[in-house]
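Here's the letter readout for the chains.
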Amino acid sequence: LQLVESGGDLVQPGGSLRLSCAASEPIADYYSIGWFRQAPGKEREGVSCFNLAGGGTYYVDSVKGRFTISRDSAKNTVYLQMSSLRPEDTGIYYCAAGVPPLPSAWDTPHRFYYWGQGTQVTVSS
């Protein structure tokens, strides 16, 4: 399974972006797809997660109400719609497929086994 992210860009504060995570093959429903980000000098942080089996979604508190994760099964793609972007949203965004403990530990990086190469999001005026 290979994952490819796209959609990162330079955007002004308050703007929007939609990131895509395209899988090379249909993803088994026992997986969850997570979005993580890493800012310079900071640890990788879980942003959101989509449980493919049950459709449950999870978000880090700092993005709730601003980001939405969704799935297009026909395209083997998971999206992260980001709005009201802030400078602190800047970072490299990665998508990953795995089996994290849900719902308590959806953002556990070592439970994600397949990772994309990342896409850069920069929020700046």
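These numbers come from a predicted model, not from an experiment.

A. Representation of the state of the cysteines. If you walk through the whole model with that rule in mind, you get 1 disulfide. Two residues share a disulfide in this structure: Cys-21 and Cys-95, whose sulfurs sit 2.1 Å from each other. Residues Cys-21 and Cys-95 share a disulfide whose torsion about the S-S bond is about 70 degrees; that sign makes it right-handed. Note that Cys-21 is positioned in strand 3 (residues 17-23) and Cys-95 in strand 9 (residues 91-98), a separation of 74 residues in sequence. Here Cys-21 and Cys-95 have matching classes, each one buried. Here Cys-49 is not cross-linked by a disulfide; its sulfur's nearest cysteine counterpart is in Cys-21, at 11 Å.

B. Local environment of the pattern of salt bridges. Taken as a whole and judged by the stated rule, the model has 5 salt bridges. Glu-45 is the partner of Arg-37 in a salt bridge, and the nearest nitrogen-oxygen pair spans 2.8 Å. Given the relative accessible area of 6%, Arg-37 is considered buried. Among the residues examined, Glu-45 registers a relative accessible area of 30% and is labelled partly exposed.

Reading the values: the criteria
- Residues numbered from 1 in each chain as written.
- Predicted model: local features only at pLDDT ≥ 70, side-chain atom pairs only at ≥ 80, totals over all residues.
- Heavy atoms only, no water.
- Disulfide = S-S within 2.5 Å.
- Helix = DSSP H or I, 4+ residues; strand = E, 2+ residues; numbered from the N terminus.
- Buried < 20%, exposed > 50% of the residue type's maximum accessible area, 1.4 Å probe, protein only.
- Salt bridge = Lys/Arg side-chain N within 4 Å of Asp/Glu carboxyl O.

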